[in-house]
Amino acid sequence: MKNKNIGILVDSLEHGGMERVAANLSTALENSGYKIFVFVSQYHRKKVYPYSGRIVKNNCRIDLTNKKRELLSYFISAYLVRCLKRKYKISTTVSFAPEMNLINILSGGRDKKILTIHNCMSLRSDVNSLAYKKIAMRLSNLSYKIIPVCDWCANDLKNNYGIKASKIRVIYNQAEVQLLKNAEKQKNIILFVGRLEEIKQPWHAIKAFKYVVSIIDDAELWIAGDGPYMKALKEMVIRLKMEKNVKFLGYRNDVKKLYSNAKVLVMTSKSEAFPCVVVEALSYGVPVVASHIPGGLPECMGHRISKEGIYPIEMSAGYITTDFDGEDFNSDDTISQCEKELGQAIVRILDEDVYNSKSEGALEAVKKFDSELIRLQWIKVMEE
């Protein structure tokens, strides 16, 4: 490739796991000799993840007032991005999120268009956007390559959206693999990391923790994240009389410190294409307990130990428990059987022997997400 000007098209470089991946990719590609231009809609200097390259505002705005306005805003945004590609002589544009993928495709031009998929697309009925519709997704076949972050997402694209297999290349998200076996931890700290919103279902973690406290009364649940459910979750903790055991930490940009203290990471999302926080936790030797989540979770947690069809599923790096089957948030604080099963798996890992075994399994499982391995896979796509 003679022209090494790369455009990274993303809404922002702050808060979410996908945004962190975009920031990491900018650094990996710049370190490989590419000149990086990050086209963002929003930019807050003090909030962004560490990145490399030049920040350029793309002025993309998607109007969701109605479908006609939304469609028009996609074409206007595509024109603006097309102008930026010309100005900065972009040879390859990597886009993040379905909205930016659609803008990338509609922008035309002769640049290579690489689309990344970080969602379990067919499960996102909660998103009312044209970019998630099948007719828009089929336009992805016009791209150079489509990069889903796990095999589950690759199959979803082929089976539900008619994406050609030849267009798809699975590349896991780059992770900062620490491979740090922490010193002996005195406290039984369970960590939840994520935005406090419906798709993350944090109330299940709290109710499962009620079971944990009934067995291990000094256990603590640390909740790192903010969002619309914060107030309701705090009220739930008070009703369950766990104020001394549950800590709401708010949004944290120093989650690495939290992994160093935690013994278990708990995850309760409705879906996760590639759970970055799981990989981060594993790299600190922190085992994971998660409900059965559609997406790439099983691909992250090492090899399976228990037999097929048996729950909880024992993995070398933790446990996967029964799916919550659409149990929405409400004021009923009764612990369901699924939540109890999640709590039982947490208690099991807090046993010293089990914890040591799963911690070693975590460090082994995370090796396939090493940043150097992922960087080489991206370079191969760029240079083909």
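For clarity, every value in this text was computed on a predicted model and none was experimentally measured.

Q: Explain the environment of Leu 84 residue by residue, including any values.
A: Within the secondary structure, Leu 84 is located in helix H2 (residues 67-87). On the basis of relative accessible area, Leu 84 is assigned to the buried category, the value being 12%. Considering only alpha carbons, one finds Leu 84 and Val 255, 171 residues apart in sequence, at a separation of 35 Å. Ignoring sequence-local partners within four residues, the contact set of Leu 84 consists of Phe 39, Val 56, Lys 57, Asn 58 and Ile 90.

Q: Summarise the packing of aromatic side chains; cite the residues concerned and give the values.
A: Under the criterion given, the structure shown has eight aromatic pairs. Here Tyr 172 and Phe 274 contribute two aromatic rings whose centre-to-centre distance is 5.9 Å and whose plane-to-plane angle is 40°, an arrangement assigned as tilted. Here Phe 274 lies in the loop between strand E10 (264-267) and helix H9 (276-283) and Tyr 172 lies in the loop between helix H5 (151-161) and strand E7 (189-193), a separation of 102 residues in the sequence. Per residue, the accessibility class of Tyr 172 equals that of Phe 274, and both read buried. Both rings, one in Tyr 259 and one in Tyr 284, keep their centres 5.6 Å apart while their planes meet at 35°; by these two values the pair is tilted. Of the two residues, Tyr 259 sits in helix H8 (residues 255-261) while Tyr 284 sits in the loop between H9 and strand E11 (288-291), which places them 25 residues apart along the sequence. By the burial criterion, Tyr 259 is buried, and Tyr 284 matches it. Taken together through their ring pairs, the aromatic side chains of Phe 37, Phe 39 and Tyr 88 make up a single cluster. The ring of Tyr 34 has Lys 4 lying over it, and the distance from NZ or CZ to the ring centre is 4.9 Å.

Q: How would you sum up the nonpolar core? Please name residues and give values.
A: Judged by nonpolar contacts, the single largest core of 68 residues is most densely connected at Phe 96, Leu 265, Val 278 and Trp 378. Counting 36 residues, the second largest nonpolar core, distinct from the first, contains Met 230, Leu 240, Val 347 and Ile 349.

Q: Describe H2, listing the residues and the values that go with them.
A: Over its 21 residues, H2 runs 30 Å from end to end, which matches the ideal 30 Å to within 8%, given 1.5 Å per residue. Taken together, the buried positions of H2 are occupied by Glu 70, Ser 73, Tyr 74, Ser 77, Ala 78, Val 81, Leu 84 and Lys 85. The buried side chains of H2 occupy one side of the element, clustering within an arc of 140° when seen end-on. Pointing more than 90 degrees away from the buried face of H2 are the exposed residues Lys 68, Leu 72, Tyr 79, Arg 86 and Lys 87.

Q: Before we move on, can you summarise the pairing of E7 with the specific residues and values?
A: Counting buried positions along E7 yields five of five residues, so the element is predominantly enclosed. Residues Ile 189, Leu 191 and Val 193 point to one face of E7 and Ile 190 and Phe 192 to the other, with burial holding for every one of them. Direction of pairing for E7 relative to strand E8 (residues 220-224): parallel, over a ladder of five bridges. Residue Val 193 lies in a different strand from E8, and its bridge partner there is Ala 224. Between the parallel pair E7 and E8, the chain is carried across by helix H6 (residues 202-215), and the sense of this crossover is right-handed.

Q: Break down the sheet that holds strand E13 (residues 318-321) for me, citing the residues and quoting the values.
A: In space, the seven strands of this open sheet follow the order E9-E8-E7-E10-E11-E13-E12, with mixed pairing throughout. Of all the strands in the sheet, the pair left with one neighbour each is strand E9 (246-250) and strand E12 (313-315). With direction set aside, neighbouring strand axes in the sheet form an average angle of 20°. Packed on one face of the sheet, H6 meets E7, E8, E9 and E10 and runs near 170° to E8.

Q: Could you give an account of the side chain of Ser 95, naming the residues involved and the relevant values?
A: Structurally, Ser 95 is set in strand E4 (residues 92-96). Under the relative-accessibility criterion, Ser 95 is labelled buried at 0%. Looking at Ser 95, its side chain comes within polar contact range of the side chain of Asn 101, at 2.6 Å. Side-chain polar atoms of Ser 95 contact the side chain of Asn 104, separated by 3.1 Å.

Criteria and cut-off values
Residues numbered from 1 in each chain as written. Predicted model: local features only at pLDDT ≥ 70, side-chain atom pairs only at ≥ 80, totals over all residues. Heavy atoms only, no water. Helix = DSSP H or I, 4+ residues; strand = E, 2+ residues; numbered from the N terminus. Buried < 20%, exposed > 50% of the residue type's maximum accessible area, 1.4 Å probe, protein only. Contact = heavy atoms within 4.5 Å. Phe/Tyr/Trp six-rings, centres within 6.5 Å; stacked < 30°, edge-to-face > 60°. Lys NZ or Arg CZ within 6 Å of the ring centre and 35° of its normal. Core = buried A, V, L, I, M, F, W, Y, C linked by side-chain atoms within 4.5 Å. Expected span 1.5 Å × (residues − 1). Arc of directions from axis to C-beta. Pairing = 2+ DSSP bridges. Right-handed = clockwise from strand over helix to strand, strands pointing away. Axes fitted to C-alpha atoms, helices over the stretch in contact; angles between N-to-C directions. Polar contact = N/O pair within 3.5 Å; in protein donor to acceptor, adjacent residues only side chain to side chain.

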